[in-house]
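Take a look at the letters that make up each chain.
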Amino acid sequence: MLLRSLDRPCTTTRLAAVHHLSPSTVSYHLTRLHRAGLLTRLGDGSNVRYQRTGEADRLLAHAV
């Protein structure tokens, strides 16, 4: 659900609020998705925004 909701860049805090999860839980999963090459990190001042990669988009397109 986190990967699917990243159709535009978003912070860990925002994703946690939207999905009613703790920021640490979201951070854990985002880190794993990033390591798998499914997310990129974008620096935005003091915030980090996560964005899906093309590979993640392809996976989601096939997971209908």
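Anything mentioned here points back to the structure above.
The structure displayed is predicted, hence computed values, not measured ones. (Residues numbered from 1 in each chain as written. Predicted model: local features only at pLDDT ≥ 70, side-chain atom pairs only at ≥ 80, totals over all residues. Heavy atoms only, no water.)

Chemist: So what's going on with the sheet that holds strand S1 (residues 10-11)? Which residues, and what values?
Modeler: Taken together, the three strands give an open sheet; going across it, the order is S1-S3-S2, and neighbouring strands pair in antiparallel fashion. Where the open sheet ends on each side, the last strands, each with one partner, are S1 and strand S2 (39-44). Direction of pairing for S2 relative to strand S3 (residues 47-52): antiparallel, over a ladder of six bridges. Its bridge partner lying in S3, Arg41 is registered against Tyr50. (Pairing = 2+ DSSP bridges. Helix = DSSP H or I, 4+ residues; strand = E, 2+ residues; numbered from the N terminus.)

Chemist: Summarise the packing of helix H2 (residues 12-19) against helix H3 (residues 23-35); cite the residues concerned and give the values.
Modeler: Where H2 meets H3, the closest approach of the two axes is 8 Å, and the angle between their N-to-C directions is 115°. Judged by the sense of rotation from one axis to the other, the crossing of H2 with H3 is right-handed. Contacts between H2 and H3 involve Thr12, Leu15 and Ala16 on the former and, on the latter, Pro23, Val26, Ser27 and Leu30. Of the residues contributing to the contact of H2 with H3, the split by class is five nonpolar, two polar and no charged. (Axes fitted to C-alpha atoms, helices over the stretch in contact; angles between N-to-C directions. Left-handed = near helix turned anticlockwise from the far one by under 90°. Contact = heavy atoms within 4.5 Å. Nonpolar A, V, L, I, M, F, W, Y, C, P; charged D, E, K, R; others polar.)

Chemist: Requested: an account of the environment of His62, with residues and values cited.
Modeler: Relative to the assigned elements, His62 resides in helix H4 (residues 54-62). Side-chain polar atoms of His62 contact the backbone oxygen of Arg58, separated by 2.8 Å. (Polar contact = N/O pair within 3.5 Å; in protein donor to acceptor, adjacent residues only side chain to side chain.)

Chemist: Outline H3, listing residues and values.
Modeler: With 13 residues, H3 extends 18 Å between its outermost C-alpha atoms, agreeing within 8% with the 18 Å of an ideal straight helix rising 1.5 Å per residue. If you follow the buried residues of H3, they end up packed against helix H1 (2-5), H2, S2 and S3. Two residues or fewer after H3 comes Gly37, characterised by a positive phi angle close to 85°. (Expected span 1.5 Å × (residues − 1).)

Chemist: Report on the nonpolar core, specifying residues and quantitative values.
Modeler: Counting residues in each nonpolar core, the largest one holds 14 residues, and the members touching the most others are Leu3, Leu6, Leu15, Val26, Leu30 and Leu39. Contributions of two or more residues to this core are made by H1, H2, H3 and H4. At three residues, the largest contribution of residues to this core is made by H3. Setting aside chain neighbours within four positions, we find Leu39 in contact with Leu3, Leu6, Leu30, Leu33, His34, Tyr50, Gln51, Arg52 and Thr53. (Core = buried A, V, L, I, M, F, W, Y, C linked by side-chain atoms within 4.5 Å. Buried < 20%, exposed > 50% of the residue type's maximum accessible area, 1.4 Å probe, protein only.)

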